[in-house]
Amino acid sequence: YSDVFSSPPIFRKWAGIGLLAGALERKIWTRTKGSNLYPNLYIILVGPPGVGKSAILSHSERILRAVPELFVAPSSLTTASLIDTLELAKRKIVRPAQNPAFASFNSLQVIASELGVFLPAYDPAFMNTLTKLYDGELYEERRRTGKVNHIRIDSPQLNIVGGTTPSYLNSFLPDGAWDQGFTSRTIFVYSGTPVKTPIFAEEGDFQHLEKIYLSLVHDLKLISAL
C-alpha cells in the first residue's frame, strides 16, 4: 500500500471526499433554495503520468467495494448500459420514527482510474445523460430494440471519481464544451508534482497500512449507515 503515499495530498483529500459522497448516497441531504441538495459529486483528478492518480483511485475502489450495500459501476459503460446499471442499483432504507418509514432510491458509484475507459470519446448524448443524472431528478426514457423498453428512475444518484491527464482532457473535450453542463458540474483537481517515496518497505510497514485500510473500511461502513 506504500504507493498510496506517492499520490499528492490533494489527490488523497479529494479521493476521500469522493468516498464520503458515495457512502452517503441520498440518505443525507441539506435544504437549499427550497429543495434537497444531495452530496453526490463528479470529481476528476488531473495530472501528468506518474503523479499518482491510479494509485489512490485503485485503493479508493477497494475501500468502496468493501462496503457491501454500495453499488459500484463497471469500468466501461455505454449510455444505455449506464442507465441499466443505475436501474439495478436499487436501495431501500429504513428511516426510524419518520413517515414514511422506508425510502427508496437508485445510487451508483463510479471509480474510473482512467477516464478514457469510462469516457473513450465525447458523446453528446452520454454527456447530457451525466448532466441530467447529476441533478438527482426523475429520469425516464423509452427505447425500441425489438420491443419497447420503458425505464423510469424516480430518485437517481450518480457519484463519479476519476483520473486523467491534461492532454487527454484537452483532446477529449471539444471547443465550447468547457462552459456546458458536464464540466460546470465537475470538480477538476490538478497536481503536477510527484511525491517521492521509497519503493521498498519493511514488513511492519505493510501491517501498519493494512490496519489503516481496515480502519477506513470500518469508518466508511458507519458513515454509510447514517
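A brief report on the enclosed structure follows. In this text, all values refer to a predicted model and were calculated from it rather than measured experimentally.

How each quantity is defined
- All residue numbers refer to position in the chain's written sequence, counted from 1.
- In view of the model being predicted, local features appear only for residues whose pLDDT reaches at least 70, and side-chain atom pairs are presented and counted only at 80 or more, with totals across whole chains, interfaces and linings using the full set of residues.
- Where side-chain values are given, they derive from all heavy atoms of the structure, hydrogens and water being excluded.
- Strands are runs of DSSP state E lasting at least 2 residues, helices are runs of H or I lasting at least 4, and numbering of each runs from the N terminus.
- Note on method: radius of gyration uses C-alpha positions; expected globular size equals 2.2 Å times residues raised to 0.38.
- Each residue is placed in one exposure class: buried if its accessible area under a 1.4 Å probe, protein chains only, is under 20% of its type's maximum, exposed if it is over 50%, and partly exposed if it falls in between.
- The criterion used for residue contact is that any of the two residues' heavy atoms lie within 4.5 Å.
- Only the protein chains shown count as cover for residues, and the accessible areas themselves come from Shrake-Rupley with a 1.4 Å probe.
- A residue counts as positive if it is Lys or Arg and as negative if it is Asp or Glu; His and the chain ends are not included.
- Here the site of a charge means atom NZ of a Lys, CZ of an Arg, CG of an Asp or CD of a Glu.
- Pairs were defined over the aromatic rings of Phe, Tyr and Trp, the Trp ring being its six-membered one, requiring ring centres within 6.5 Å. Orientation was assigned from the angle between planes: stacked under 30 degrees, edge-to-face over 60, tilted for the rest.
- Two conditions define a charge located above a ring, namely a distance within 6 Å from the ring centre to NZ of Lys or CZ of Arg, and an angle within 35 degrees of the ring normal.
- To define a nonpolar core, start from buried Ala, Val, Leu, Ile, Met, Phe, Trp, Tyr and Cys residues and group those joined through side-chain atoms within 4.5 Å.
- Any Lys or Arg side-chain nitrogen located within 4 Å of an Asp or Glu carboxyl oxygen qualifies as a salt bridge.

## With respect to the overall build of the protein chain
Check the secondary structure of the protein chain and you find eight helices and nine strands. At 19 Å, the protein chain has a C-alpha radius of gyration in line with the 17 Å of a compact globule built from 226 residues. Across the 226 residues of the protein chain, 43% fall into the buried class. Across the protein chain, every contact between residues at least 6 apart in sequence was considered, and the portion connecting residues at least 24 apart equals 73%. Working note: accessible area of the protein chain is about 12200 Å², and carbon and sulfur atoms make up 57% of it. Separation of charge centres in the protein chain, based on 23 positive and 20 negative side chains, amounts to 7 Å.

## Points about the packing of aromatic side chains
For the coordinates displayed, the defined rule picks out six aromatic pairs. On the numbers, 5.5 Å between centres and 15 degrees between planes, the contact of Tyr168 with Phe172 is stacked. Here Phe172 and Tyr168 lie together in helix α6 (residues 166-172), a separation of four residues that amounts to about one turn. An aromatic cluster of at least three residues, connected via ring pairs, comprises Tyr42, Tyr134 and Phe182. One Lys or Arg, Arg26, reaches over the ring of Tyr38 and ends 4.0 Å from the middle of that ring.

## Description of the nonpolar core
Of all hydrophobic cores here, the largest spans 30 residues; its most connected members are Leu82, Phe118, Leu119, Leu130, Leu133 and Leu158. Counting only elements with at least two residues in this core, the list comes to β3 (42-46), α3 (79-88), β5 (102-112), α4 (115-118), α5 (124-134), β7 (148-153), β8 (156-164) and α6. Ranked by residue count, the leading element in this core is α5, at four residues. Apart from the residues lying within four places of it in its own chain, the contact partners of Leu130 are Tyr42, Leu82, Phe118, Leu119, Leu158, Ile160 and Phe182. If you look at the next biggest cluster of nonpolar residues, it comprises 22 residues, including Ala23, Leu57, Val72 and Val189.

## Focus: unusual backbone geometry
Of note in the backbone geometry, Glu25 takes a positive phi value of approximately 50 degrees without being a glycine. The residue Glu25 is located in the loop between α1 (9-24) and β1 (30-32) in this model. A residue is classified by how much of its surface remains accessible, and Glu25, at 0% relative accessible area, is buried. One non-glycine residue, Lys33, adopts positive backbone phi at about 55 degrees. Relative to the elements of secondary structure, Lys33 occurs in the loop between β1 and β2 (35-37).

## Focus on the pattern of salt bridges
One pass over the structure, following the stated rule, counts six salt bridges. A salt bridge links Glu25 to Arg91, with the shortest nitrogen-to-oxygen separation between them at 3.0 Å. Here Glu25, found in the loop between α1 and β1, pairs with Arg91, found in strand β4 (residues 90-94); they are 66 residues apart in sequence, far enough to count as distant. Both residues of the pair, Glu25 and Arg91, belong to the buried class. The residue Arg152 makes a salt bridge to Asp154 at a minimum N-O spacing of 2.8 Å. Residue Arg152 is classed as partly exposed on the basis of its relative accessible area, which comes to 46%. By relative accessible area, which is 45% here, Asp154 ends up partly exposed.

On their own, these measurements won't tell you what the molecule is for.
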